[in-house]
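Chain by chain, the residues:
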Amino acid sequence: MPSDQSTWFISVPQDGESEGLLQEITTKLVRQSKALPPSNIAPLTIPSFKTGTLDSLVSLSEDLPKQEAFFTQTVAKIVDTLRNLLNNDSSKLLQHILVNEATVDDYLLHDWTWNEGRYGVQRGLPEMAEVLNKEMTSIDNVMKTKLNNYNLAKGSLTQMQRKKTGNLSVRSLTDVVTKDNFLLDSEYMETLLVAVPKSTLVKDWNSKYERLTSMVVPRSSQPISSDSEYSLFGVVIFRKVHDEFVQKCRENKFIVRDFQYSEDAMAKQREELDTADTTEKELWTELLRLSRTNFSESFQLLVHLKVLRLFVESVLRYGLPANYTGLIIKPDPKQVKKILTILSSQFSYLAPRSNQRTANTKSGANEEVVGEYQSLMEQEFFDFVLYEVPWITN
């Protein structure tokens, strides 16, 4: 059963039975399924590729699903990148998941054609598949590199910004303290900053700090700032009792902050934050632009690979000459079974040819090839060939 979250590519042999197919099938689907508008049905022009040998076709039919999975995953990852860059804003996402500046539906349902200029059909099928794969691999590698660069920059910025948040026991104090809070240029004394739990220990601090160790300057404790959890005090001590004072504070659950006042160091921190913020914004802009471009490119590659696979399966199913009529259908998710019933009825005349695939392949290939691809030749399929383009953008 095809997914109800995908657009279907369908192929049938081009013969007398297929003449006027688009108009006939559109009329039936619209009339009988009711929920399917005519705009959801479009012709699909399938190029006449060089078929090559039977062995190469069977081998390619086994390789293409693996490539297809990789292509689909690559497109999905680009969509996820766009979604994350745009903070899951679905309206903004729709502005960026465009193919040649058109919506995905418009790209598929408005006279889709094979890009002959870029992927000339004079190539053999294996070479064509390889060309598509190389382009998608290149896109995937570029996206991985750019995304990694952006994530590193964002992580660095987040880490710097995190230092400016949190309570006074952990956050950066660069924007909290001023020069006036410190005793500077003293050879023997220094100012320590101490974060004291606000709810229970401020009274303890005020009554104890002078006696925690010797050589604490009396009445030197000065409140600097406070938040909902901590009050920050500055206290002057002699340098020689620094370690002992810190230990005594720890025992009393007072937190001595590791901070040395330096205007140069503080200016450097602000400059580093500004630089990190600028770098993150620049890389965000670059990644957004690249993701938008590469979504368009990768989605086109995925569709071309789908058409290539549709052709290969059609040749294996129906044989030569390799001329096929194609349809693109975007089904109503609630009408999938009904649409399939209509399609199966419409193409029931293909049953004799479709059911001969295994027999024809066995008669045309040696026993070694038949054995290797036995499961492939015996898989279930409709009388018409159908492949899906998933709605990755949903």
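Just so it is clear, the structure is predicted and the values come from calculations on it, not from any experiment.

Go over the overall build of the protein, please, and point to the residues and values.
Broken down by element type, the protein carries 13 helices and eight strands. Computed over the C-alpha atoms, the radius of gyration of the protein is 35 Å, more than 25% above the 21 Å expected from 2.2 N^0.38 for a compact globule of 394 residues. Counting all 394 residues of the protein, 46% fall into the buried class. Counting contacts in the protein only where the partners sit at least 6 residues apart, residues at least 24 apart contribute 83% of the total. Each charge class in the protein can be summarised by its mean position, and for the 45 positive and 52 negative side chains these summaries are 7 Å apart.

So what's going on with the pairing of strand 7 (residues 324-329)? Residues and values would help.
Buried residues dominate strand 7, accounting for six of its six residues. Of the two faces of strand 7, both are covered, the one formed by Tyr 324, Gly 326 and Ile 328 as well as the one formed by Thr 325, Leu 327 and Ile 329. Sheet analysis places strand 1 (residues 6-13) next to strand 7, joined by six bridges and oriented antiparallel. Opposite Phe 9, over in strand 7, you have Ile 328 as the bridge partner.

An account of the packing of aromatic side chains is requested, with residue identities and associated values reported.
Taken as a whole, this structure holds 17 aromatic pairs when the rule is applied. When the centroid spacing of 6.2 Å and the interplanar angle of 70° are considered together, the rings of Tyr 107 and Phe 299 count as edge-to-face. In this pair, Tyr 107 sits in helix 4 (residues 104-109) while Phe 299 sits in helix 8 (residues 263-318), placing the two residues 192 residues apart along the sequence. According to the relative accessible area criterion, Tyr 107 is buried, its value standing at 12%. With a centroid separation of 5.3 Å and an interplanar angle of 90°, the aromatic rings of Trp 205 and Phe 254 are classed as edge-to-face. Residue Trp 205 is located in helix 6 (residues 202-208), and its partner Phe 254 is located in the loop between helix 7 (242-251) and strand 6 (255-257); the two are separated by 49 residues in the primary sequence. Taken individually, Trp 205 and Phe 254 each receive the classification buried, so the pair is uniform in this respect.

The rules behind these values
- Residues numbered from 1 in each chain as written.
- Predicted model: local features only at pLDDT ≥ 70, side-chain atom pairs only at ≥ 80, totals over all residues.
- Heavy atoms only, no water.
- Helix = DSSP H or I, 4+ residues; strand = E, 2+ residues; numbered from the N terminus.
- Rg over C-alpha atoms; globule rule 2.2 N^0.38 Å.
- Buried < 20%, exposed > 50% of the residue type's maximum accessible area, 1.4 Å probe, protein only.
- Contact = heavy atoms within 4.5 Å.
- Lys, Arg positive; Asp, Glu negative; His and termini not counted.
- Charge placed at Lys NZ, Arg CZ, Asp CG, Glu CD.
- Pairing = 2+ DSSP bridges.
- Phe/Tyr/Trp six-rings, centres within 6.5 Å; stacked < 30°, edge-to-face > 60°.

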